[in-house]
Amino acid sequence: MKNENTEKVKPNFGKRTAQAKADTENVCDADATCIESKVGMTIAVGIQDRDEHFTILDLKMHHQECEGGFIEIHEKDGYHFRCKRCDVSRVIAGSDANKEGMIDAALKGAKYKTLSTNLDIVLFMQTND
Ligand SMILES: [Zn+2]
């Protein structure tokens, strides 16, 4: 009789904390210099229609860490994001990679992370709002 190995692979539905503490991510800049840093700001980007003309400043952004505070975007030597609810703000470079990353998040739902001038990460992800 075959002694079957009954060891089962348990799906890992381990509880996920809403805001994993000390959550670090790897991020690389244009020179492929990678550092590990923590997420300083997570920005939920509203879906954009591919056929519509829009700019970064037209994107609808909300701050995840405070459950959806409205984010004001300013462009001046980079992109400035400030949450109107909790006043957290970050600045990222106005590089092509950053522009593409934000637009891909809005169009395709691609997550995009980039380093802020605070040397922590700004993470963009799509929402259905
Ligand atoms: Zn906020």
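What counts and what doesn't
Residues numbered from 1 in each chain as written. Predicted model: local features only at pLDDT ≥ 70, side-chain atom pairs only at ≥ 80, totals over all residues. Heavy atoms only, no water. Helix = DSSP H or I, 4+ residues; strand = E, 2+ residues; numbered from the N terminus. Expected span 1.5 Å × (residues − 1). Buried < 20%, exposed > 50% of the residue type's maximum accessible area, 1.4 Å probe, protein only. Arc of directions from axis to C-beta. Donors = N, O, S within 2.8 Å, 3.2 Å for Na, K, Ca; no water. Tetrahedral: all angles 85-135°; square planar, octahedral: opposite > 155°, others 65-115°. Phe/Tyr/Trp six-rings, centres within 6.5 Å; stacked < 30°, edge-to-face > 60°.

> Teacher, can you tell me more about helix α1 (residues 96-108) here?
Each α-helix turn comprises 3.6 residues. Residues three or four places apart therefore point the same way. An ideal rise of 1.5 Å per residue puts 18 Å on 13 residues; α1 measures up with 17 Å between its terminal C-alpha atoms. Every buried residue of α1 is listed here: Asn98, Gly101, Met102, Ala105 and Ala106. Each buried residue of α1 lies within a common arc of 130° when the element is viewed along its axis, so the set occupies one face. Exposed positions of α1 whose direction lies more than 90 degrees from the buried face are Asp96, Glu100 and Lys108. Looking one or two residues beyond α1, the residue adopting positive phi is Gly109, at roughly 75°.

> For this particular structure, what's the right way to read the coordination of the zinc ion?
Surrounding the zinc ion are the protein donor atoms His63 (ND1), Cys66 (SG), Cys83 (SG) and Cys86 (SG), which sit 2.0 to 2.3 Å from the metal. Coordination at the zinc ion is tetrahedral: its 4 donor atoms span angles of 99 to 122° at the metal. Along the chain, the residues that donate to the zinc ion are spaced as H-x2-C-x16-C-x2-C. Its relative accessible area of 32% is what places Cys86 among the partly exposed residues.

> What is the right way to look at the packing of aromatic side chains in this model?
Two numbers describe a pair of aromatic rings. These are the distance of the centres and the angle of the planes. Under the definition given, this model contains 2 aromatic pairs. Arranged with centres 5.5 Å apart and planes meeting at 65°, the rings of Phe81 and Phe124 form a pair that is edge-to-face. Of this pair, Phe81 sits in strand β5 (residues 79-83) while Phe124 is found in strand β8 (residues 121-127), placing the two residues 43 residues apart along the sequence. Considered together, Phe81 and Phe124 belong to a single accessibility category, that of buried residues. On the basis of an interplanar angle of 25° and a centroid distance of 6.3 Å, the ring pair of Tyr112 and Phe124 is categorised as stacked. In this pair, Tyr112 is assigned in strand β7 (residues 112-115) and Phe124 in strand β8, connecting sequence segments 12 residues apart. A single burial state applies to Tyr112 and to Phe124, both of which are buried. Three or more aromatic residues link up through ring pairs in this structure, and these residues are Phe81, Tyr112 and Phe124.

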